[in-house]
Amino acid sequence: MNSSNQTATILCAASAIAEGRAKAFNVNGKAIFAVKKLGKFYLYRNRCPHLGSELEWEDNAFLNSDGSFIQCHTHGALFEIENGLCVSGPCAGASLISVANQVRDGQLYVLNYPA
Ligand code: FES
């Protein structure tokens, strides 16, 4: 999996995150989180582009009530799960920082992180 300049860090078994759910991780001191939607994983830094705070309001609670958006608990900003774009709230038009990832042999990896 590794090329000469690519690192891969295992996060968890892909099955450890249920469909439509999210999970927080700490990689080398950096907070990130993963969301699983329609079988795909989307990973972001756990840092709101508005004030820089972490997004969840309790452990692994990164989504709004119907699971359709990532939501920041501080001021309610909503972010698209697939691309991290803020579509509502004080940082509308800004984006979460995406984190490259890969599923291989049933394991979820973060790639080239921290960049
Ligand atoms: S800190 Fe996230 S919306 Fe204000």
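How each quantity is defined
- Residues numbered from 1 in each chain as written.
- Predicted model: local features only at pLDDT ≥ 70, side-chain atom pairs only at ≥ 80, totals over all residues.
- Pairing = 2+ DSSP bridges.
- Helix = DSSP H or I, 4+ residues; strand = E, 2+ residues; numbered from the N terminus.
- Axes fitted to C-alpha atoms, helices over the stretch in contact; angles between N-to-C directions.
- Core = buried A, V, L, I, M, F, W, Y, C linked by C-beta atoms within 7 Å.
- Buried ≥ 20, exposed ≤ 12 C-beta atoms within 10 Å, placed from the backbone.
- Contact = placed C-beta atoms within 7 Å.

S.K.: An account of the sheet that holds strand β1 (residues 8-13) is needed here, citing residue identities and associated values.
M.R.: Across a sheet, paired strands are connected by hydrogen bonds in the backbone, their directions being either parallel or antiparallel. Read across the sheet, three strands follow the order β1-β9-β8 without closing on themselves; strand pairing throughout is antiparallel. The open sheet is flanked by β1 and β8 (101-104), the only strands paired with a single partner. Looking at each pair of strands side by side, their axes are set apart by 30° on average, direction ignored. Relative to strand β9 (residues 107-111), β1 is paired through five bridges, and the arrangement is antiparallel.

S.K.: I'd like a description of the sheet that holds strand β6 (residues 78-80), backed by residues and values.
M.R.: The strand order β5-β6-β7 describes an open sheet built from three strands, whose pairing is antiparallel. The strands lining the two open edges of the sheet, one partner per strand, are β5 (69-71) and β7 (86-88). Strand after strand, the sheet turns through a mean of 40° between neighbouring axes, direction not considered. Where β6 lies against β7, two bridges are found, and the strand directions are antiparallel. Its bridge partner being in β7, Phe 79 is matched across the sheet by Cys 86.

S.K.: Can you tell me about the nonpolar core, naming the residues and giving the values?
M.R.: Ranked by size, the top nonpolar core spans 24 residues in total, and within it Phe 33, Ala 34, Val 35, Leu 43, Tyr 44, Phe 62 and Ile 70 carry the most contacts. Residue assignment for this core shows that the elements contributing at least two residues are β3 (30-37), β4 (40-45) and β9. The dominant element in this core, judged by the number of residues it contributes, is β3, at four residues. For Phe 62, the residues in contact, after removing those within four places along its chain, are Ala 22, Phe 33, Val 35, Leu 55, Glu 56 and Ile 70.

S.K.: I'd like to hear about the pairing of β4, residue by residue, with values.
M.R.: With six bridges connecting them, β3 and β4 associate as antiparallel partners. When the bridges of β4 are listed, Lys 36 appears paired with Phe 41. The hairpin turn running from β3 into β4, its antiparallel successor, is two residues long, and Leu 38 in that turn takes a positive phi close to 50°.

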